[in-house]
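Chain residues, written in single-letter form:
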Amino acid sequence: MATLGHSRSDVLGPLPLRHLPDGEDVARGEADPRGGRPPRAGRWGAGLLLLLLLLSSGAERVGAGRPDKVKMVDIPGDVIFGGMFPMHERGTDEPCGSIKEEKGIQRMEAMLYALDLINRDSTLLPNITLGALILDTCSSDTYALEQSMEFFKSSINQDASDFKCKGGKKPIYTPPKPVVGVIGAASSSVSVMIANILRLFKIPQISYASTSTELSDKSRFEYFSRVVPPDNFQAMAMVEVVKAFDWKYVSTVADEGDYGEKGIASFTKLAENSGICIAAAERVLRNTKPEDFDLIIERLSEKPNARVVIMFVNEDNTRRLLAAAVKAGRTGQFLWVGSDSWGAKIHPVRDQEEAALGAITILPRRSSLAGFDKYLRALRPRQKGTPCSESGPYFDDDDDDEHLGSSSSSGSSSSSKIYSYGTVSSGNSGSYGSGVSDFSSDRFRTVYSSSSFSSGSGAQDYGSNFGKSGMDDYGSGSSSYGSNSGYGSSYGSSDYSSSGFSGSRGGYRGGSGGSGVVEDGRNCRNVWFKEFWTQHFNCTFRNPLPPGRRACTGHEDITHEQEGLVPFVVDAVYALAWALHELLEDTCGSVHLCPAVLPAPGGPLMLQYIRNVSFVGQQGREVKFNADGDAPGSYFIYQYQRINHNAYDYVLIGSWTEKRTRQHPLRHSTHRTQRWRSRLNLNASKMVWTLEQRGNGTHPISICSSQCPAGHIRNFQDSCCWSCVPCPEHAMIYNDTCRSCDLGWAPTPDKVSCYKLTPEYLTWNSPWAIVPLVFSSLGLLCTLLTTLTFIRYNATPVIMASGRELCYVLLSGIALCYMMTFVILAPPSTSTCTLLRLGLGLGLCTCYSAIFTKTNRISRIFNRGIKSIKRPSYTSPRSQIVICSGLVSVQLIGVVGWLIVEAPTTKEVHPYRLSAVLTCGISNISLILSLGYNMVLILLCTVYAFKTRKIPENFNEAKYIGFTMYSTCIVWLAFVPIYFGTNNDYKIQLASMCMCVSISASVSLGCLFTPKVYIVIFQPYKNVRQGSGPVKGPSNKSYGQSMRFTPRSQTAQSVLSVNHSGVVAPPPSTISQQVNGDSLTATPSLDDTSIT
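Residues numbered from 1 in each chain as written. Predicted model: local features only at pLDDT ≥ 70, side-chain atom pairs only at ≥ 80, totals over all residues. Heavy atoms only, no water.

**Observations regarding the overall build of the protein**
Part 1: Looking only at helices and strands, the protein features 24 helices and 39 strands.
Part 2: In the protein, which comprises 1092 residues, the share counted as buried stands at 57%.
Part 3: For the protein, the proportion of contacts with a sequence separation of at least 24, taken over those separated by at least 6, is 67%.
Part 4: Split by element, the accessible area of the protein, about 45500 Å² in all, is 54% carbon and sulfur. (Helix = DSSP H or I, 4+ residues; strand = E, 2+ residues; numbered from the N terminus. Buried < 20%, exposed > 50% of the residue type's maximum accessible area, 1.4 Å probe, protein only. Contact = heavy atoms within 4.5 Å. Areas by Shrake-Rupley, 256 points an atom, 1.4 Å probe, with all protein chains shown as cover.)

Encoded structure:
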């Protein structure tokens, strides 16, 4: 049987098995092996098919909610293209639900539209009429598998409708032509299901919408190709969009099945590599109930920071999900990013536009076909009592590319195509209209006669020697239809009488072989068009009219938005047609059906030509396939926006294109030499966001946690969220960890690296340096004035009695101590460090060596005077200088040896991690050893000062020495904890050292020299010897009479000598009577210079 848009019951006929030499059993019909021969399949494949066919034939068949009938579009032709479209939604209690206007009706009509264009094209498959066998998948993979049996069931079983009875003769089995390829399916899960079964029969398949990456695996889906890019490209485009808006925290929703699960898996893998976190991953099961969508929205709402939701969900589930968001009051909370299954369709957003505002969707790059829009809007439903006419289609003859042909014939051109029109019958039996179409010049004559499926007669007679040039070869001479069993020796002699079709090609060129398109555009070939019409216009054709329903007139104007994948349906049909065109040229020498390709070209050969096809399609873009049968990745990016107060539309905001350089990790191809790069273009000026969506004032924000401020690391609470923890001030941030910089290095302000610290040192303008410098300067000035005073009054009694030589040594040591402040505070260098190591210990040692020598001499003199009148040894000035020099030389030798052993240098110290101090390379131990000798001298001086505290009042210099040493001990006892207790503050250390040395020098200067200077300058009358004449000062004034001691024994003179000039002192019992005030005034003996 060959009817247009018919319904038929499936009756399983005998299924004989024939054993083949290669050991394979193939189910066969009774056709001649040269005609109607089915492809080979293995025992298991045949067994599986037999089981499926038994189940499908024995079970109740339900189509579009109507039991016992299976609707299909069956258009005869020289070559048959199969088609699978989701004409209905998935049903709940029945296999099929309501009609799908966009993905179903528009796409199926796009295939018929493409067949019309090809059938009237004089360059593509000239003289060959393309027919079609189009099935409904009802958006279900299992139902689609059952329906796909129609493509090859006739090859392995006999159907009663395939038997033709002519004039009461024996029924002849005439199986339908096999399909050369299948256009479809839409859903990836459906394509995966039918691809497995089509592979067994080696039937190529070209999908216009299936994008699952699984289908790129040619080891499993060898015969599958597609004119749309796979989901891995789509996932790449979606990741690029997410990255462009800096969204780091998103949720995902995917349909159960290959399309949703594989697509979202590709997105998740790419997202993880791009630092994008998945907050929640939801899945929509095949049998999800409406309340399950409410639960999905509730779970998505538990992650409020993940505002962006990535969707690999079909349009029906998208609509249900948006409805659930509206129901939950979550309108505006989520920003949807939809895959191509949403694309630019109206169905998912109809009546719930507010919930979809701002949504970003992607769709394979396409150009709308204006001709298809004109074609679709011209269609009208077939009404009862209005048969499909034999007149031409709705379009005018002058409509160039959109013209679908005419009813006139032409036999003069070798490439001419003759058109006529057939009739449509729906049901198991019916009557065809009758009519006669007589073509000129005996070339072709067709007689329509009444017929039925069970019996009838018809005659179609070719003129003698018809054999048209450049047209299909129906054999030479005359030929009678129905004379051959099967296809016969000539493919053109197939029996069309039962179909009621006429003409050299079985239909008009542009009507796809007997199209039911008639005047006023009556659509008789689409058996679902009436159902679409009633749903689209919310009316009914029933009579009588049901209450509350509006009657359909059939003249309503179709208003539609071209579905996004309609152009790809046309591309898929053209790809199959061009592949067949090239195959016929190479195999048959020209484009005609030669015996080598009858009844249909072999699947492997057809697949080879499909993969190598390349042409410019109706969209003006090149159509081709890569090694995996995939189309190049190129997408348009849309945003759903409010155009005006009550109008909404998808606005093109950008595009994404892939470029191949070497193999991408998501590819299944064995060619591992290429990967994929991409280019994303977004036009920010065209994007519109609602007030609720503007997170940062420009575009929505979808992050779990904000970026941590500089100097903080992320403490991850889970894989996507974190809290910010500050790093120590001396640490840099490396891979979200705090890494301390090395000593002498500090982190940059952004904490991404470390830089070398510039060493610090105490500068002259620092307050810590100014105070010691001023103090030392004053001390030096006082020391200079004291020295000048001593030099000026060097011969006066007070100066002479104080021990002039040791006083000068002591003053030099004091001056050296003051000058060390300048050395200590100078910028560290090798020279200053050398001076510091020499001068610091040497200055203190000079001071305390002189004091020690003086106190030791006083102690020895008075202790000897008590016990004996013998003069102590080494009390002369020369001896005192030698002793003092010897004590100083010990310090000098130690320091020089220290310099030799440890050369002076500078070093950096780090009191804190973020500070570097330039200082002399002196360790604390070395400093202690250097000052340790001075500490011993200080201690000895203090002991002798204490021992001489009770000498007579006239010798009270010992008391000043004692006070000096007590003060010095206090100063140094305070210095030690200050210096070593402030080890982390070099400023305090240096300032305390300077002050300690300067205070020590100042105590010595103030206590030992101030009284003498004061007497010399302000009390000159005391600077005389008792019993002698007045001492003349600078103005030759007399300040008093000098006094000379009465000579006594030599021993007494020796014992009482108390100064470096050899003054002879009276016995201890009379010393107090011979001292005038604070100064010793005993007159030295005449031979005082000889005292040793």
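**Here we look at the pattern of salt bridges**
Once their charged atoms are close, side chains differing in charge can pair, the charge on each being opposite to the other.
Part 1: Taken as a whole, this structure holds 20 salt bridges when the rule is applied.
Part 2: Across the pair glutamate 282 and arginine 299 runs a salt bridge whose closest N-O atoms are separated by 2.8 Å. You can see glutamate 282 sitting in strand β16 (residues 277-284) and its partner arginine 299 sitting in helix α7 (residues 290-301), a full 17 residues away along the chain. (Salt bridge = Lys/Arg side-chain N within 4 Å of Asp/Glu carboxyl O.)

**Notes on the state of the cysteines**
Part 1: Counted by the stated rule, this structure contains eight disulfides.
Part 2: The disulfide that involves cysteine 96 links it to cysteine 138, with 1.6 Å between the sulfurs. When the S-S torsion is 85°, as for the bridge of cysteine 96 with cysteine 138, the disulfide is right-handed. Of the two residues, cysteine 96 is situated in strand β8 (residues 96-99) and cysteine 138 in the loop between β9 (130-136) and α3 (141-147); the sequence distance between them amounts to 42 residues. For the pair cysteine 96 and cysteine 138, a shared accessibility class is recorded, and that class is buried.
Part 3: Here cysteine 741 connects covalently by a disulfide to cysteine 754, the sulfurs 1.9 Å from one another. (Disulfide = S-S within 2.5 Å.)

**A look at unusual backbone geometry**
Part 1: The omega torsion across asparagine 543 and proline 544 is 10°, close enough to zero to call that bond cis.
Part 2: Residues leucine 598 and proline 599 are joined by a peptide bond in cis, for which omega reads -5°.
Part 3: Looking at where proline 599 falls in the secondary structure, it is placed in the loop between α12 (566-588) and α13 (603-611).
Part 4: Phi is positive for aspartate 246, close to 60°, though the residue is something other than glycine.
Part 5: Positionally, aspartate 246 belongs in the loop between α5 (231-244) and β15 (249-255).
Part 6: Positive phi is not limited to glycine here, since asparagine 735 has a value of about 55°.
Part 7: With respect to the helices, strands and loops of the structure, asparagine 735 is situated in the loop between β32 (731-734) and β33 (737-740).

**Topic: the packing of aromatic side chains**
Part 1: By the definition in use, this model includes 23 aromatic pairs.
Part 2: Look at phenylalanine 636 and tyrosine 638: their rings are 6.3 Å apart centre to centre, the planes differ by 80°, and that puts the pair in the edge-to-face class.
Part 3: The cationic tip of lysine 530 hangs over the ring face of phenylalanine 541; the distance from NZ or CZ to the ring centre is 5.0 Å.
Part 4: Between arginine 792 and the ring centre of tyrosine 793, over which it is positioned, the NZ or CZ distance is 5.1 Å. (Phe/Tyr/Trp six-rings, centres within 6.5 Å; stacked < 30°, edge-to-face > 60°. Lys NZ or Arg CZ within 6 Å of the ring centre and 35° of its normal.)

**Describing the confidence of the model for the protein**
Part 1: Averaged over the protein, the pLDDT score is 74; the fraction of residues at 70 or greater is 70%.
Part 2: Under a pLDDT of 50 for its full length, residues 1-47 has, in the predicted model, 139 contacts with residues more than four places off or in other chains.
Part 3: Confidence drops under pLDDT 50 across residues 389-519; counting only partners more than four residues distant or on other chains, this segment forms 328 contacts. (pLDDT = per-residue confidence, 0-100.)

**Concerning the packing of helix α2 (residues 101-119) against helix α11 (residues 529-537)**
Part 1: For the pair α2 and α11, interaxial distance at closest approach is 11 Å and the crossing angle is 140°. Classified by the angle their axes make, α2 and α11 are oblique. For α2 against α11, the interelement crossing comes out left-handed. Packed against α2, whose contacting residues are Glu101, Ile105 and Glu109, the element α11 presents Phe529, Phe532, Gln535 and His536 at the interface. (Axes fitted to C-alpha atoms, helices over the stretch in contact; angles between N-to-C directions. Parallel < 35°, antiparallel > 145°, perpendicular 65-115°, else oblique. Left-handed = near helix turned anticlockwise from the far one by under 90°.)

**What to know about the environment of serine 776**
Part 1: With respect to the helices and strands, the residue serine 776 is situated in helix α14 (residues 767-792).
Part 2: Residue serine 776 is classed as buried on the basis of its relative accessible area of 0%.
Part 3: Between the C-alpha atoms of serine 776 and phenylalanine 822, which are 46 residues apart in sequence, the distance is 8.2 Å.
Part 4: With residues near it in sequence (within four places) discarded, serine 776 still touches Tyr818, Thr821, Phe822 and Ser998.

**Side note on the environment of proline 567**
Part 1: Mapped onto the elements of the fold, proline 567 is located in helix α12.
Part 2: Sequence separation between proline 567 and alanine 110 is 457 residues, and the spatial gap between their C-alpha atoms is 7.7 Å.

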